[in-house]
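# Topology and contacts: notes
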Amino acid sequence: MPTHKFGGGWTEQKLRILDDYLTAYCRIFQVNPLAKYFDTIYVDAFAGTGLIEQQKTLAERNDLFAEFGERDTIEFLKGSASRALQHQFIRYVFIEKAASRIPRLEKLRSESPHKSRILIQQGDANTHLAALVNSTDWKKYRAVVFLDPYGMQVDWKTIEKLGRTKAVDLWLLFPLGQAVMRLLQKVGEPPAEWQKALDRIFGTHDWHSRFYVTTREADFFEPEIVSTHRVADWQAVGAFMMERLKTVFYAVAPNPGVLLNSRNVPLYLFCFASANPKGAPIALKIAGHLLKNLKP
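Source: prediction; values computed, not measured.

Under the defined criterion, the tally for this structure stands at 2 cavities of 30 Å³ or more. In this structure, the second largest cavity occupies an estimated 40 Å³ of space. Every residue lining the second largest cavity is listed: Val 154, Ile 159, Leu 172, Leu 173, Phe 174, Pro 175, Ile 201 and Met 241. Per-element tally for the lining of the second largest cavity: the top contributor is strand β8 (residues 168–174), with 3 residues.

With that out of the way, let us pick up the environment of Thr 127. Among the secondary structure elements, Thr 127 is positioned in helix α4 (residues 125–135). Residues Thr 127 and Thr 158, 31 residues apart in the sequence, show an inter-C-alpha distance of 8.5 Å.

Turning to the side chain of His 208, a few remarks are in order. Structurally, His 208 can be placed in helix α8 (residues 207–211). Overall, the relative accessible area of 16% leaves His 208 in the buried class. Every residue in contact with His 208, bar those within four places of it in the chain, is listed here: Glu 189 and Gln 195.

Right, let's talk about the confidence of the model for the protein chain for a bit. Residues with a pLDDT of 70 or more make up 84% of the protein chain, whose mean pLDDT is 87. Here residues 54–76 is a poorly scored stretch, pLDDT under 50, and it has 35 contacts once near neighbours within four places are set aside; other chains count.

As a further point, take the environment of Leu 15. Here Leu 15 is to be found in helix α1 (residues 9–31). C-alpha separation for the pair Leu 15 and Arg 83, spaced 68 residues apart in sequence, amounts to 8.2 Å.

Before going further, it helps to spend a moment on the side chain of Gln 195. By the secondary structure assignment, Gln 195 is in helix α7 (residues 192–202). The contacts of Gln 195, once residues within four sequence positions are left out, are Glu 189, Pro 190, His 205, Trp 207 and His 208.

Another point: the packing of aromatic side chains. Evaluated as defined, the whole model comprises 18 aromatic pairs. With a centroid separation of 6.1 Å and an interplanar angle of 70°, the aromatic rings of Phe 202 and Phe 211 are classed as edge-to-face. Judged by its relative accessible area of 0%, Phe 202 falls in the buried class. Exposure remark for Phe 211: the relative accessible area of 2% places this residue in the buried category. Through successive ring pairs, a cluster of aromatic residues spans Tyr 21, Tyr 25, Phe 29, Tyr 42, Phe 89, Tyr 92, Phe 94, Phe 146, Trp 171, Phe 270 and Phe 272.

Basis of the calculations
- Residues numbered from 1 in each chain as written.
- Predicted model: local features only at pLDDT ≥ 70, side-chain atom pairs only at ≥ 80, totals over all residues.
- Heavy atoms only, no water.
- 1 Å grid on protein atoms, 1.4 Å probe; cavity = no way out; pocket = protein on both sides within 12 Å on 5 of 7 lines; lining within 4 Å.
- Points joined across faces, edges and corners; volume = space filled by probe spheres on them.
- Helix = DSSP H or I, 4+ residues; strand = E, 2+ residues; numbered from the N terminus.
- Buried < 20%, exposed > 50% of the residue type's maximum accessible area, 1.4 Å probe, protein only.
- Contact = heavy atoms within 4.5 Å.
- pLDDT = per-residue confidence, 0-100.
- Phe/Tyr/Trp six-rings, centres within 6.5 Å; stacked < 30°, edge-to-face > 60°.

Structural data, given as structure tokens:
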């Protein structure tokens, strides 16, 4: 069965943060008398295979005898689904669109002591998350939802639904440089299809007036010249997304992590938001502490 090939050094960073947060989250529900009244759910909406294959070059290896070995090595990281199973949740929901990855998830389930509590769903994450939100009694459940899309697969309507539960802690990998900045071309209006995609991920068309300026020039000898260009950099785009999250979640960590590629180009913002008014203060304190080291 093929493993899941994805990411770089930032993949390890995000997984470590998620792992540490789940540790703290589960501990709260184990020791807090009030929290014990709730059942907990972990949802991984882009679960992959549970195992991530990474290739490391000689320069990246911390091996005393690396120079005598192969030039490249293959390392296998435990993916988010595998790591979540190391923590105590009442239910685990793994969603994966690619049918080819489902057998690997099923193998992961069969090997887990929590197999009876693991639900694997194949298909669109937005569809399955909407069904989960609508079918769950959020007065009895609390959840951590991890959205780690490969591009712009998460609709704003999905994020909005999660925020309305007042019960979900959300970790979102927002595809800033990986997808969004590529659609926000520097000169000229983005094509209509690109604008629709941006509307879908932001949930509004307001991004256009925030990111673009149109100028008009005319004189007596030439017809009016109209030009549009982008005035927003990646920091401004990220700040706009944070503003959008605040409209649907009770609280949002003010310091999203910036995940960079090997050339120090921002690829993703790692955002945290809490929909639960009572749990948000401690949740933001934990998430903010974990995210503080991800600034470029």
